[in-house]
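# Descriptive analysis of the structure
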Amino acid sequence: MKTNDVILQTTSKVVFFMIVLFAIHLFFAGHYNPGGGFVGGLMTSGAIVLLLLAFDIKTVVKGFPIDYIILVGIGLLFAVGTAAGSLLFNIPFFTHAFGDVTLPVLGKTSLHTAMLFDTGVYLVVIGVTMTIIQTIGESE
Amino acid sequence: MEILMSLVIGALLASAVYLMLSKSLLRIIIGTGLLSHGAHLLIITMGGLKRGAAPLLGEEAAAYVDPLPQALILTAIVISFGVTAFFLVLAYRAYQELGTDNMDEMRGNEAND
Amino acid sequence: MINLLILPLLIPLVTATVLIFLTKSVGAQRVISVISTIGTLAASIVLLLTVKNEGIQTINVSSWEAPFGITLVSDMLSALLVTTTSLITLCVILYSFRSIGASRERFYYYSVIQFLLVGVNGAFTTGDIFNMFVFFEVMLMASYVLIVIGGTKIQLRESIKYILVNVISSALFVIAVALLYSVVGSLNMADISQRIAEIGQLPILTVIAVLFLIVFGLKGAIFPLYFWLPGSYYAPPVPVLALFGSLLTKVGVYSILRSYSLFFYHDQAFTHELLGILAIITVIIGGIGAIAYWDVKKIIIYNIIVAVGVLVYGISVATEESYKGMVFYTIHDMIIKAALFLLIGVMIKITGTSDLRKMGGLMKKYPLLGWTFLIAAFALAGIPPLSGFVGKLLIVRGGFAEGEYVSSLIVLLSSLVVLYSVIKIFMNGFWKAPKEYPGEDSQPVTFLWVPGAILVLTSILYGVGAEVMYPIISQATDALVNPTIYIDAVLKE
């Protein structure tokens, strides 16, 4: 089934980047406000799904030649690694560390190890969602 | 408000049961989705429906809402999201392999083995 | 090291993640999963010894104080169960090398087994009711994959029912936790126990207790919620069946034990009476099934139901003696069920069928297998000095001491039924005239026999060494009989 959807294809190319940027904003907003890795990841995979709708699965796979299951693995390693880092310091599992750092361009920035964990969640969510969608979509 | 929520939850659970008792696999999956929606709404009702600020230190509001039910719901939603997705893929595979989505034809009796 | 009790969860989790990257190389997957499972076993044994010497170990995850954050608690009971689980998983992984087939191995089989181990160990270790739900889900997710992996027709058909039943029970779990939270206002199990003790068991709490019983009973397969088990467990290949049969139902039973001894113990006249009745019917139904079938897998599957009935009966009596018997019997049953499944797996491999009527005369060619099976069968039925005896003796003695003569007698008689059902396998499978089986010589019988033999040996040692185990079991039941020990350890008051 191939319809003439030039409008959808052209707009989705632009909208894709807007959604991804918003997803990244949500991801960083999770630091002290509502947001975080889970929503960010869902939003990013939503953007990729938009591309899937506009184009077809082959084009998108060519654009993102990623094995999403490996992405899940990397994300899990991030998350588990962050949590297990506390073992090195002999403090209870999953205890986070945070503090303020002055960076050259950004100025005073607060850093938190929860961010690393959230990166893991972000990757896992993208990986899982895209794996599911590809599994159902591929066989058509 | 609680009464309204109870009615909504009741309606959701009733529709879930109705759908799950049907024979079509897809309806059953939608039924499980509604069932978990009902359960999630129940958590938020059970935590108490209150007005208040988000429980963050900077808010300095007079009243805060209980963050725990929300955390529980988020966890439960993620889990039911994963299970539903898996269930859908499985149902699709089963439909391909068995050639039916009718639960009556998926019985495990002697004739079908 | 304060993080000791996280290790039996963390090692399998990291391993499962690493194995995702190694799907192409089956050899590397095997080596890594065996090494890491040995590591898990070692960590859990160290944990067991630490709990024995220093008492209950707790850890407040993420450094949140006890009633507010998630607490992991390792008392003697959970340490024992975690150790047994790790041992069984190790044996099942060894068995899988030559039986599960490369197509499954390449499809994340070992990775998923490690996830299952995370879920089961987590459910045994957690001290937070909602966290228990999460670990249940980890375990169930892994079991969904394990039951369907391979994708044969019967597996697809049965896994749909299995998943449907468990999705419903998960929703009920969430509902039960929500109701409990609305009444008690806490999720920490020790805190819940303390608060219920303060306000007394209101009628609504009894309702919640029964709701929890439905949830855990669905997992643990007690009457009338066992209906899904025989069909679903019949579908997957034998190593997966061994894991499910020995671990998953016991998680349900453990949860019933934990909740009914820690917080729903105030209205025993109703809740424990109900448990007792259901347990006895479970024993009877399981016994009927075990006698009725001529399929080796089905016979042992129905024996799971009998064992669950006996265990739940031990919980329902709720005296110190019956708890001791129940804990002793749980460990025994986990080990011996896994052993039996692995041994009948070898029989099925040799004969190419699971129908007893088509088997016969295996004793002539495989005497070692035959005698191992016979010992396992006797241990299952509880013939002294094997390990089933002590547990059942204590449970039944506890029942008699409480004056429950009829139900205790039924539990006793169930041993005879169990003995009959497994001896039926022995007589029809190993005795009778030898038959020719196509392709039997190509099977790696000795290799497959070893994991089952390790488990049977463990079971023999466990039974003969009951004297040595007794103080450990008593330590495990102390916290069940007297919840304040558990509460004090968690809340540190």
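Residues numbered from 1 in each chain as written. Chains lettered and ligands numbered in written order. Predicted model: local features only at pLDDT ≥ 70, side-chain atom pairs only at ≥ 80, totals over all residues. Heavy atoms only, no water.

Under the annotation held in an unreviewed UniProt entry, chain C carries the name Na+/H+ antiporter subunit D and is attributed to Bacillus aerolatus. UniProt annotates chain C under Sequence similarities (unreviewed entry) with the comment "Belongs to the CPA3 antiporters (TC 2.A.63) subunit D family." (UniProt positions renumbered as here; feature names shortened; annotations may be inferred.)

An unreviewed UniProt entry annotates chain B as Na(+)/H(+) antiporter subunit C originating from Bacillus aerolatus. As recorded by UniProt, the Subcellular location (unreviewed entry) comment attached to chain B reads in full: "Cell membrane". One UniProt comment on chain B, placed under Sequence similarities (unreviewed entry), says "Belongs to the CPA3 antiporters (TC 2.A.63) subunit C family."

So, about the overall build of chain B. A count of helices and strands for chain B gives 3 helices and 0 strands. When the helices and strands of chain B are listed from N to C terminus, the series reads α-α-α. For 113 residues, the compact-globule formula gives about 13 Å, and the C-alpha radius of gyration of chain B, at 19 Å, lies well above that figure. Each principal axis of the C-alpha distribution contributes one length, and for chain B these read about 65 × 30 × 20 Å. Looking at chain B residue by residue over its 113 residues, the buried ones come to 36%. Sequence separation of 24 or more characterises 51% of the internal contacts of chain B that already satisfy a separation of 6 or more. Accessible area for chain B stands at about 6,500 Å²; split by element, carbon and sulfur atoms hold 63% of it. Side chains of chain B carry 6 positive and 10 negative charges; the gap between the two charge centres is 6 Å. (Helix = DSSP H or I, 4+ residues; strand = E, 2+ residues; numbered from the N terminus. Rg over C-alpha atoms; globule rule 2.2 N^0.38 Å. Buried < 20%, exposed > 50% of the residue type's maximum accessible area, 1.4 Å probe, protein only. Contact = heavy atoms within 4.5 Å. Areas by Shrake-Rupley, 256 points an atom, 1.4 Å probe, with all protein chains shown as cover. Lys, Arg positive; Asp, Glu negative; His and termini not counted. Charge placed at Lys NZ, Arg CZ, Asp CG, Glu CD.)

To continue, consider the interface of chain B and chain A. Taken together, the contact pairs 7 residues of chain B with 8 residues of chain A. The largest contributions to the chain B side of the interface with chain A come from Phe81(B), Val89(B) and Tyr92(B), which together make up 55% of the buried area. The tally of links from chain B across to chain A stands at 0 salt bridges. Our enumeration of links across chain B and chain A arrives at 0 residue pairs in polar contact (both at pLDDT 80 or more). Among the residues forming the side of chain B that touches chain A, the class breakdown is 6 nonpolar, 1 polar and no charged. (Buried area = accessible area lost by both parts, 1.4 Å probe. Salt bridge = Lys/Arg side-chain N within 4 Å of Asp/Glu carboxyl O. Polar contact = N/O pair within 3.5 Å; in protein donor to acceptor, adjacent residues only side chain to side chain. Nonpolar A, V, L, I, M, F, W, Y, C, P; charged D, E, K, R; others polar.)

Next up on the list: the pairing of strand S1 (residues 57-60) of chain C. All names here are of chain C. By the alternation rule, side chains of S1 split into Gln57 and Ile59 and Thr58 and Asn60, which are all buried. Judged from the 4 bridges that link them, S1 and strand S2 (residues 71-74) form a sheet pairing that is antiparallel. Bridge assignment links Asn60 to a residue of S2, and that residue is Thr71. (Pairing = 2+ DSSP bridges.)

All names here are of chain C. The contact between helix H11 (residues 238-262) and helix H14 (residues 320-351) brings their axes to 8 Å, and the two run at 170°. For the element pair H11 / H14, the angle class is roughly antiparallel. Considering the relative orientation of H11 and H14, their crossing is right-handed. Residues Val238, Leu241, Ala242, Gly245, Ser246, Leu247, Lys250, Val253, Leu257 and Ser261 of H11 form the contact with H14, whose own contacting residues are Tyr323, Met326, Thr330, Asp333, Met334, Lys337, Ala338, Phe341, Leu342, Gly345 and Ile348. Within the contact of H11 with H14, the residues separate by chemical class into 13 nonpolar, 5 polar and 3 charged. (Axes fitted to C-alpha atoms, helices over the stretch in contact; angles between N-to-C directions. Parallel < 35°, antiparallel > 145°, perpendicular 65-115°, else oblique. Left-handed = near helix turned anticlockwise from the far one by under 90°.)

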